[in-house]
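Listed below are the residues making up each chain.
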Amino acid sequence: MDADQRLTDDAVDGRLRALFHAAGPMAAPDDLEDRVLLRLKAGATGTAVMDKPLLSRTAWVGAVVVLLVLWGWTSMISAPDMASTTAPTLPMPAWDTVLSALTAPWTLMALACGALLVLLDTILSRPRPAPRTA
């Protein structure tokens, strides 16, 4: 509206008011709501998208199994005095090696990132109520 005239805000406001006053009040047709609703009803509906969790049930079970195996492997006590003839002897890692590996910065950061991703997945997969329309 103010391409080359360099009008002030008050002058632009005055011109817009004069333009709307000259056009006068306009009324919508009586059947406008019905036509809009029919057009919306006839329109294409969106396809439902199935949200998949970040970690599947199989991944959770696998992680639990791996952790149980590692816990069992590191918590077995090998007693050289009571050697078994039926069970094979498994090499056991030293506890200081296990603790240094678990407290390494890369391990802690990977655990923190994994925890944040699981938290993000949990928050985003929560059902939210539909917004209310007035």
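Here is a short report on the structure shown in this document.

Basis of the calculations
Residues numbered from 1 in each chain as written. Predicted model: local features only at pLDDT ≥ 70, side-chain atom pairs only at ≥ 80, totals over all residues. Heavy atoms only, no water. Salt bridge = Lys/Arg side-chain N within 4 Å of Asp/Glu carboxyl O. Helix = DSSP H or I, 4+ residues; strand = E, 2+ residues; numbered from the N terminus. Patch = residues over 30% accessible without salt bridge, like charges linked within 9 Å, V, L, I, M, F, W, Y side chains within 5 Å. Areas by Shrake-Rupley, 256 points an atom, 1.4 Å probe, with all protein chains shown as cover. Buried < 20%, exposed > 50% of the residue type's maximum accessible area, 1.4 Å probe, protein only. Expected span 1.5 Å × (residues − 1). 1 Å grid on protein atoms, 1.4 Å probe; cavity = no way out; pocket = protein on both sides within 12 Å on 5 of 7 lines; lining within 4 Å. Points joined across faces, edges and corners; volume = space filled by probe spheres on them.

In the structure shown here, the tally under the stated rule is 2 salt bridges. Here Arg17 and Asp13 are joined by a salt bridge, their closest N and O atoms 3.2 Å apart. Taken together, the residues span about one helical turn, with Arg17 and Asp13 both in helix H1 (residues 9–23) at a distance of 4 residues. We note a salt bridge from Asp31 to Arg35, for which the minimum N-O separation is 4.0 Å.

Bringing a nonpolar patch on the surface into the picture now. A surface patch of nonpolar side chains, about 870 Å² in accessible area, is lined by Leu54, Leu55, Trp60, Leu116, Leu117, Leu119, Leu120, Ile123 and Leu124. Considering every element that reaches the nonpolar patch, the biggest residue donor is helix H5 (residues 105–124), with 6 residues. With respect to the helices and strands, the residue Leu54 is situated in the loop between helix H2 (32–42) and helix H3 (57–75). Note on Leu54: relative accessible area 47%, which makes it partly exposed.

A few words on H1. Counted at 1.5 Å a residue, the expected span for H1 with its 15 residues is 21 Å, and the 21 Å between its end C-alpha atoms agrees. Along H1, only 0 of the 15 residues are buried, which leaves the element largely exposed.

Moving on: the layout of surface pockets. The space that makes up the largest pocket amounts to roughly 380 Å³. Around the largest pocket sit 11 residues that line it, and Leu67, Leu70, Trp71, Val98 and Leu102 are the ones nearest its centre. A per-element tally of the lining of the largest pocket places H3 first, with 5 residues.

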